[in-house]
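Letter by letter, the chains look like this.
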Amino acid sequence: MLLWLLSFPLLAICQQLPLRYYKQVDGLGNLAVNALAQERSGYIWIGTENGLFRYDGARFERFELGDGVAAPNIFALHVDADGHLWAGTSNGLHQLQGQRFVLTQFQNTRLTFDKGQVFSSLGSNRFLALSQDQLWLLKSTDQGATWQAHPFFSAEQLAQHPEMHSLRSIHVGPKGDLWIGCSQSLCHYDQGKLLVLGRKEGLPAERWVAMLHDRQGTLWLRGERHVFALPADANSFLDRSPAQDQQKKAGRVPLLVADASGRILSQQDSGIIRWQGNSWESFTESNGLAIGGGINSILVDRDDGVWLGSFGLGLIHWLGYPSWENWTSTQGLPSNVVWSFLRDQEGLLHVGTASGSATLQKTGRFSIFPGRYGDRSHQWDSLVQDGRGRIWASSLSGFLVRRDPGAKRDAVVAKLPMIVRLFFDRSGQLWICTRRGLYVIKHADANAVPLQVTEFTSITGSADIRFFHGCQSKSGALWFVSNKGVLRFDGGGWRKRRLSPAAPVARLESIVCSDNGDLWFGTGGGGIWRAREQDDRLEISDATPLPLLNQAVLSLLEDRRGWLWLATDTGIAVWNRAQWRFFNQESGMVWNDSNQYALYEDSDGSIWVGTSNGASHIVHPESLFAPVHLEVQVASVTGDGQVLAADKPIRLPWTTGPLNFKLAVLSYQNREAVQFSYRLKGLERDWSKTAIPEVRYPALPPGRYSLQVAADNVAMQTSSPMAEIGIVILPPWWKTTTIYVACAVFLLLLLFLIERHRARSLRARQQLKAQLERERAYELEQSREEERKHLTREIHDELGQYLSALRMGVSVVGMEFGEKNPSLQGKIQRLVSLVDGTIRVVRNIVSALRPGALDMGIVSALEWLVEEFSENTGIPCTLRVCEETITLDDKRATTIFRIVQESLTNIGRHAEASQVGIRLERKDQHYLLEVCDNGKGFDPALRKKKSFGLVGIRERASMLDGHADIISVPNVGTTIKVFIPIGG
């Protein structure tokens, strides 16, 4: 009961949370979220009761754990000190390796996990895991390739502390000490010492299942019902428990998370709670937070965004956290159409809506005070305050009212044409812009009456013109935008300023007087303009940023920082004098459609925006320009039906299928404004743009490519560095280098074979021709030999017989008549001598045509030839013939004889030899004829082309398919070797 009385009441924050729910239609296959984690690259991981999912800001992707379990229950997720992602399930511990999860195998145990704070990092390649009431030290000695599990506490330590047999949670403190939820106590392990903390330190007996240290070093503990805190260097815990009526539901695993500002977040039965330094804030369904079966996990991402994991409603993104706050009619506004804001001297915020005005109370809700004029029947479009603290309000129906401090009712000041805007100048005059003229209250007292300004009629032609907006410059001049142009009043007279070089096409409807002397104009047709007064004109220039082209500017505001704020029907824009940024519902704004002149700077510098669906409050405008981490990644690559590694160059065989690249920008602010620029270097030169995070290239031809991708967030005016991934498309097998080389080799071989065939054919034809020529020559030679034989016989037989007969006749005549006639005898002797000479001549002719010795065999013929050569030339000539091995037919014998005859003729004519040798023998399948001399020889290279004797020798040898080798050395001699096949 004491704890109940000491517990902190929950302060209900009555604002509308800008939430986005991700469900199955978005790709999140299971809506019962158990755990959330963000890895270093920026991906958000969602562990559910039916699988593990990864979110990249555009899509959810399901990951299988690869242990045979189709859809495991993911109880816990952990990113260790080295950035490795771990998933704990009832089946074991899984590690993300590349694009898949791998079950970690331990030699001595199998770890299983349940929900809760069961992981904590100790350092590089070392972390703690709580499995089945036992604490394990997991470490790797090879940079994460393999892991070992060892019990953290020894059996002796566990035996000394029975509380350590039931462990609930673990947490490593900033000093490296270990805090453990043990049984119904808290255990602290530091430098080898284990202490059990409990009632002595101010802790009730409870299972402490969540713990963390905040920025100040305070240790926070969360049990099923209570929250306690131990400040740094304190010895006793402080009770920080929220109201117990929201801590009753069983089965929920409590959690603690610190946001970027150091505020502690936790959950309760109906939503979430946040520690504000002295109390808890509560966010429930009244704030638009539907939680289903409860909040199981909370994640603060690297951009300070908050994500909630619900049981049954999926993943919830708290947009714009913690800079944006929103209010709607659910939080007490009379209407969601909000026109105006004012913070009075008492610190109360007044809001004018389409159904009356309301005041923001300390409870966080808006309330309507009785006595407000018209109650809910008027649209209060402008609220201002004079120096006495009186509030002046105007409505679109033309009523001007005054609210005096402490008065119970509003006082109606006047009924005018539709009032557009009110503002006080520095002299205290109230200026009233209406749709039919300009009015002023020069002294805002109780009896003040608006007076219509008519002094400008000489330059406008009428006083009943439409005034849209006005402001006072630093110099004190008043500036107004109207349907007759820009008017200036300096207290002494009115001037209409000419716009130079040219007026905007669209009508100017809003104006801001900047402290540096510039004037800013907004147009209803889209765009903003910057002007400076020069003599009797305004030098004006278009200052519209690209995203605001064709966007109607509904309101302008310059705040105390000098920042320029714009309201449009698609959100708001702000310029901090260096950069533009754009915000809408995706940023945390309650609604995109802003209302006219509904921008207001609060006393603390925060900004209020009125829309057609509620009011938005930018609590920390400076945070809007916080650096945005924008990095584009190629999340995955698929080609030819397979998923490829996206973190290294791609090498693929050619295919007719497409190559798909899924892109990711792991920043979750204004995701709708992200655009991708890409090109495939090697295929295209120009860049393409798309808002779809996927690029597809069908049937790339073989070659080397490089996909270059960059991302731009138009709303945040931020660009990412270019990401690049190399791609090699291998040619099809028929276009590979091997095939090209093989084809080239085949072609060369084919050409070689064709050329070889051609050469062989040519040689064959030449050989055939030569053979035919040889055969023809042989036939001619044989014909000559036969003719010689025939002539020899004819001459020998016919002519020889006649000559013999003639000699015998002459001899008979001499014998009969010579003795009687001596003179006749002398004549007869001379005739006989003549006939004998003729017979010798005939014999020589017969021998020349065909020696008779040939008919007696080659040996006899050669012997006769040698003898004749020696007798005729006087040169000794030897002949060596192995008669036993020599068996020649007539044609070979004749050829050898003629070769020897030709050789001896050449020797006798040219050699000047003193000795000649002839050898005829059989060697293997050839007959070898060798004729050598010791004459003067000759140089074969310089042999005369008309050496018919040597040519004849070769031709005679070739006629018998033989060949002749002629070897000659100058001044040494010549050797002729003739090889003639034995043949058949």
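Definitions and limits used
- Residues numbered from 1 in each chain as written.
- Predicted model: local features only at pLDDT ≥ 70, side-chain atom pairs only at ≥ 80, totals over all residues.
- Heavy atoms only, no water.
- Pairing = 2+ DSSP bridges.
- Helix = DSSP H or I, 4+ residues; strand = E, 2+ residues; numbered from the N terminus.
- Axes fitted to C-alpha atoms, helices over the stretch in contact; angles between N-to-C directions.
- Phe/Tyr/Trp six-rings, centres within 6.5 Å; stacked < 30°, edge-to-face > 60°.
- Buried < 20%, exposed > 50% of the residue type's maximum accessible area, 1.4 Å probe, protein only.
- Parallel < 35°, antiparallel > 145°, perpendicular 65-115°, else oblique.
- Left-handed = near helix turned anticlockwise from the far one by under 90°.
- Contact = heavy atoms within 4.5 Å.
- Nonpolar A, V, L, I, M, F, W, Y, C, P; charged D, E, K, R; others polar.
- Disulfide = S-S within 2.5 Å.
- Expected span 1.5 Å × (residues − 1).
- UniProt positions renumbered as here; feature names shortened; annotations may be inferred.

## Quick word on the sheet that holds strand β51 (residues 537-542)
For step 1, the next point in the chain: Strand order across the open sheet formed by five strands is β47-β51-β50-β49-β48, with mixed pairing between neighbours. Only two strands of the sheet have a single neighbouring strand rather than two, namely β47 (498-500) and β48 (508-513). Across the sheet, the axes of successive neighbouring strands diverge by a mean angle of 35°, strand direction being ignored.
For step 2, the next point in the chain: Where β48 lies against strand β49 (residues 519-523), five bridges are found, and the strand directions are antiparallel. Looking across to β49, one finds that Cys 513 is bridged to Leu 519.

## Looking at the packing of aromatic side chains
For step 1, the next point in the chain: Counted according to the given criterion, the structure contains 45 aromatic pairs.
For step 2, the next point in the chain: Here the aromatic rings of Phe 152 and Tyr 189 are separated by 5.4 Å at their centres, their planes lie at 80°, and the arrangement is edge-to-face. Here Phe 152, found in the loop between β14 (148-151) and α2 (155-160), pairs with Tyr 189, found in strand β17 (residues 185-190); they are 37 residues apart in sequence, far enough to count as distant.
For step 3, the next point in the chain: Given the relative accessible area of 17%, Tyr 189 is considered buried.

## Brief notes about the packing of helix α6 (residues 858-873) against helix α7 (residues 890-911)
For step 1, the next point in the chain: Two elements in contact, α6 and α7, have axes separated by 10 Å at closest approach and are oriented at 15°. Considering their axes alone, α6 and α7 lie roughly parallel with respect to each other. You can see that α6 and α7 cross each other, and the crossing is right-handed. Taking contact as the criterion, the partners of Ile 858, Ala 861, Leu 862, Trp 864, Leu 865, Phe 869 and Thr 873 in α6 are, on α7, Ala 893, Ile 896, Phe 897, Val 900, Gln 901, Leu 904, Ile 907 and Gly 908.
For step 2, the next point in the chain: Taken together, the residues of the contact of α6 with α7 sort by class into twelve nonpolar, three polar and no charged.

## Brief notes about the state of the cysteines
For step 1, the next point in the chain: The final tally for this structure, using the stated rule, is two disulfides.
For step 2, the next point in the chain: Through a disulfide, Cys 182 is tied to Cys 187; the S-S separation comes to 1.9 Å. Between Cys 182 and Cys 187, the S-S torsion sits near 90°, and that sign places the bridge as right-handed.
For step 3, the next point in the chain: Here Cys 182 falls in the buried class, since its relative accessible area comes to 0%.
For step 4, the next point in the chain: A relative accessible area of 0% places Cys 187 in the buried class.
For step 5, the next point in the chain: Two residues, Cys 471 and Cys 513, share a disulfide whose sulfurs are 1.9 Å apart. Taking the sign of the S-S torsion, about 65° here, the bridge from Cys 471 to Cys 513 comes out right-handed. Here Cys 471, found in strand β43 (residues 467-472), pairs with Cys 513, found in strand β48; they are 42 residues apart in sequence, far enough to count as distant.
For step 6, the next point in the chain: Of the residues examined, Cys 471 reaches a relative accessible area of 10% and is grouped as buried.
For step 7, the next point in the chain: Cysteine pairing for the protein chain, with bonded cysteines counted in sequence order: 1-2, 3-4.
For step 8, the next point in the chain: Cys 877 forms no disulfide, and the closest cysteine sulfur to it belongs to Cys 932, at a distance of 9.1 Å.

## Quick look at α7
For step 1, the next point in the chain: Taking 1.5 Å as the rise per residue, α7 with 22 residues should run 32 Å; its terminal C-alpha atoms sit 30 Å apart, in good agreement.
For step 2, the next point in the chain: The first or second residue beyond α7 is Glu 912, which carries a positive phi of 55°.

## What about the UniProt feature "transmembrane region" (unreviewed entry) in the protein chain?
For step 1, the next point in the chain: Under the UniProt annotation, the feature "transmembrane region" (unreviewed entry) is placed at residues 733-754.
For step 2, the next point in the chain: Along residues 733-754 one finds 82% helix and 0% strand; the C-alpha atoms at either end are 27 Å apart.

## A word on unusual backbone geometry
For step 1, the next point in the chain: Between Tyr 321 and the following residue, Pro 322, the backbone shows a cis peptide bond with an omega angle of -5°.
For step 2, the next point in the chain: Structurally, the position occupied by Pro 322 is in the loop between β29 (315-318) and β30 (324-327).
For step 3, the next point in the chain: For the bond from Ser 500 to Pro 501, the omega torsion is 10°, close enough to zero to count as cis.
For step 4, the next point in the chain: Even without being a glycine, Gln 143 presents a positive backbone phi close to 55°.
For step 5, the next point in the chain: Here Gln 143 lies in the loop between β13 (134-139) and β14.
For step 6, the next point in the chain: Take Gln 143: its relative accessible area is 65%, and that puts it in the exposed class.

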